[in-house]
Amino acid sequence: MSPAVSLVIDNQHVNLAELRRVWLGPVALELGLNAKRCIAESNEVVRELIHGGNAIYGVNTGFGQLAGVRIDDDELAHLQENLVRSHAVGVGDDLDDVVVRLAMLLKVVALAEGFSGVRLELVESLCALLDNGIYPRIPAKGSVGASGDLAPLAHMAEVLIGVGEARVDGVVVPAQTALEAAGLKPLKLAPKEGLALLNGTQVSTALALAAVFRLENVLAASLLAGAMSADAVKGSDTPFDRRIQSVRGHGGQIAVAGVLRELMRGSEIRESHRGCSHVQDPYSMRCQPQVIGSCLDVLRHVCGVLEVEANAVSDNPLVFTESKSVLSGGNFHAEPVAMAADYLALAVAEIGALSERRVALLIDSNLSGLPAFLVEQSGLNSGFMLPQVAAAALASENKLLAHPASVDSIPTSANQEDHVSMATFAARRLHDMIDNTATIVAIELLAAAQGIEFHRPARSSDTIEAAIARIRELSPRYVEDRSLSADVTRVAALVEDGVFLDCAASVLPSQAA
């Protein structure tokens, strides 16, 4: 296990770079003095109001349509435990530990703001799970994104009270076993605490943040692949000229063109045909700044939304200590996350679609000037014919997955919750799409490397030649027909692991934070 990132939570703004570090590896949390004070003051208000006989939703009343049912004081702790147990009905495959870790961090950040009325002991117990690498086993399906991520967060909360299951060092064990091994004891929930744990957008937001960080890796690799493809077909770098971008003015377009210019700088292949009569390349080559630049602008916008949500209090009801008020609202509704995830889906699909079009261009000898299907003795050999088919299949699958989830709603809880966000699915489906796009980009990297090598002894830029060398460590040059399936998988892993991130790090949101 890699060393844990240390993070002090003291009601400060947690930025995108810090969130990415938590996505990458374990985290050790410490609550600051200000956070501890805010938590204690908020909890004191709840205790005073209960003692004064006030009815507080979800604290001494039932939930949802049962909000009118008053609960006796001696049953308040039982009420919170029942809430956790009854709501832990997630289904499907488990969420990855990286997503669970992010969700747990976001829950600590929200509770530490001091608007949830919980005890300090509860927040410290959640920190202790993270410190000990105890990740609740949370099924991925079963949330509609309002009122918060109820089912997945209930599975997270279960582990705190010693029920359910957790994953420790990749092994699923009973929650009680995980707690005992770490020297921790199950928590007895106090009034309001089960509700505070279950209400919130933390799982949807964690899924969306994880998608953002994965997409940064893929977008960077796609720019590298695009520059390689441009060199492979002896394309022009004139469309990347800064003057063209500046008169349109979009920040993403300007940034992407700058990255492409830098990636191709010093290429002998480019210099070899600078005076040729060829005027314009197909759109998939020359419109990269406009298309991928738009995707970068989407990514930047989405990052802004998610960074706000990562620092948000999305509990209900909320406790305001200055006025000693408990107010019911709708901060648990994850519509901002759902819409951001839907917007990001368009970018994921377009990055893959443009990459697939460049693969199609590379294998077409009439357009590329390269041997048909990027192989000698085509006809006897099929070369990259089927890799392009695979890329086309994945690009088309992404078109369907890009359909917005946020426009769908289905009533729940006997129509008390009559409009929901579907944010959890909106964010979760991004990961299937990113799987597809990473694979498409991997196919392009292989195809472009093959194409460039037909121009030997001329060489491309130093950055591109270094990338080709890395690819060739995993996939030898294609000389005669063989399966490229394993090669594609290995190169896709390079993409996913961020091996090519430095190619575009200067323009990516979490790298600039």
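Residues numbered from 1 in each chain as written. Predicted model: local features only at pLDDT ≥ 70, side-chain atom pairs only at ≥ 80, totals over all residues. Heavy atoms only, no water.

**Student:** Help me get a handle on the pairing of strand E1 (residues 5-9), residues and values and all.
**Tutor:** Direction of pairing for E1 relative to strand E2 (residues 27-31): parallel, over a ladder of five bridges. Looking at E2, one finds that Val5 is bridged to Val27. You can see the chain leave E1, run along helix H1 (residues 16-24) and come back into E2, and the turn it takes is right-handed. (Pairing = 2+ DSSP bridges. Helix = DSSP H or I, 4+ residues; strand = E, 2+ residues; numbered from the N terminus. Right-handed = clockwise from strand over helix to strand, strands pointing away.)

**Student:** With reference to specific residues and values, describe a nonpolar patch on the surface.
**Tutor:** Where nonpolar side chains cluster on the molecular surface, the patch consists of Met385, Leu386 and Val389 and spans about 240 Å² of accessible area. Summarising the element assignment, Leu386 is placed in helix H17 (residues 385-401). Relative accessible area serves as the criterion here: at 52%, Leu386 is assigned to the exposed category. (Patch = residues over 30% accessible without salt bridge, like charges linked within 9 Å, V, L, I, M, F, W, Y side chains within 5 Å. Areas by Shrake-Rupley, 256 points an atom, 1.4 Å probe, with all protein chains shown as cover. Salt bridge = Lys/Arg side-chain N within 4 Å of Asp/Glu carboxyl O. Buried < 20%, exposed > 50% of the residue type's maximum accessible area, 1.4 Å probe, protein only.)

**Student:** Any chance you could break down the nonpolar core for me, citing the residues and the numbers?
**Tutor:** Grouped together as the largest cluster of nonpolar side chains are 176 residues, with contacts concentrated most on Ile9, Leu19, Met228, Leu344, Leu445 and Phe500. In this structure, Leu19 is in contact with Val14, Leu102, Leu105, Leu106, Leu209, Phe213 and Ala310, ignoring residues within four places of it in sequence. (Core = buried A, V, L, I, M, F, W, Y, C linked by side-chain atoms within 4.5 Å. Contact = heavy atoms within 4.5 Å.)

**Student:** Give me the side chain of Thr424: which residues, what numbers.
**Tutor:** Mapped onto the elements, Thr424 comes out in helix H18 (residues 423-453). Using a relative accessible area of 1% as the deciding quantity, one classes Thr424 as buried. At 2.9 Å, the side chain of Thr424 forms a polar contact with the side chain of Ser143. Within the structure, Thr424 has its side chain in polar contact with the side chain of Ser204 (distance 3.1 Å). (Polar contact = N/O pair within 3.5 Å; in protein donor to acceptor, adjacent residues only side chain to side chain.)

**Student:** Describe the packing of aromatic side chains, and please don't skip the residues or the numbers.
**Tutor:** Applying the stated criterion to the full structure yields four aromatic pairs. With centroids separated by 6.3 Å and ring planes inclined at 85°, the aromatic side chains of Tyr57 and Phe63 adopt a geometry described as edge-to-face. The residue whose ring lies beneath Arg477 is Phe454, and the NZ or CZ to ring-centre distance is 4.4 Å. (Phe/Tyr/Trp six-rings, centres within 6.5 Å; stacked < 30°, edge-to-face > 60°. Lys NZ or Arg CZ within 6 Å of the ring centre and 35° of its normal.)

**Student:** So, the side chain of Ser460: which residues are in play, and what are the values?
**Tutor:** Mapped onto the elements, Ser460 comes out in the loop between H18 and helix H19 (462-474). Within the structure, Ser460 has its side chain in polar contact with the side chain of Asp231 (distance 2.6 Å). Those residues in contact with Ser460 that sit more than four places away from it in its chain are Asp231, Gly266, Ser267, Glu268, Ile269, Ile452 and Glu465.

**Student:** Lay out the sheet that holds strand E4 (residues 134-136) with the relevant residues and their values.
**Tutor:** Read from one edge to the other, the open sheet built from three strands follows the order E4-E6-E7, with strand pairing classed as antiparallel. At either end of the open sheet lies a strand with only one pairing partner, and these are E4 and strand E7 (171-174). In this sheet, adjacent strand axes meet at a mean angle of 40° when their direction is disregarded. Sheet topology places E4 next to strand E6 (residues 165-168); three bridges connect them, and they run antiparallel. Bridge pairing in E6 links Ile134 to Val168. Here helix H4 (residues 97-112) sits on the sheet and contacts E4 and E6; the angle it forms with E4, its principal contact strand, is near 95°. Contacts from helix H6 (residues 150-160) reach E4 and E6 within the one sheet, and its direction differs from that of E4 by about 135°. (Axes fitted to C-alpha atoms, helices over the stretch in contact; angles between N-to-C directions.)

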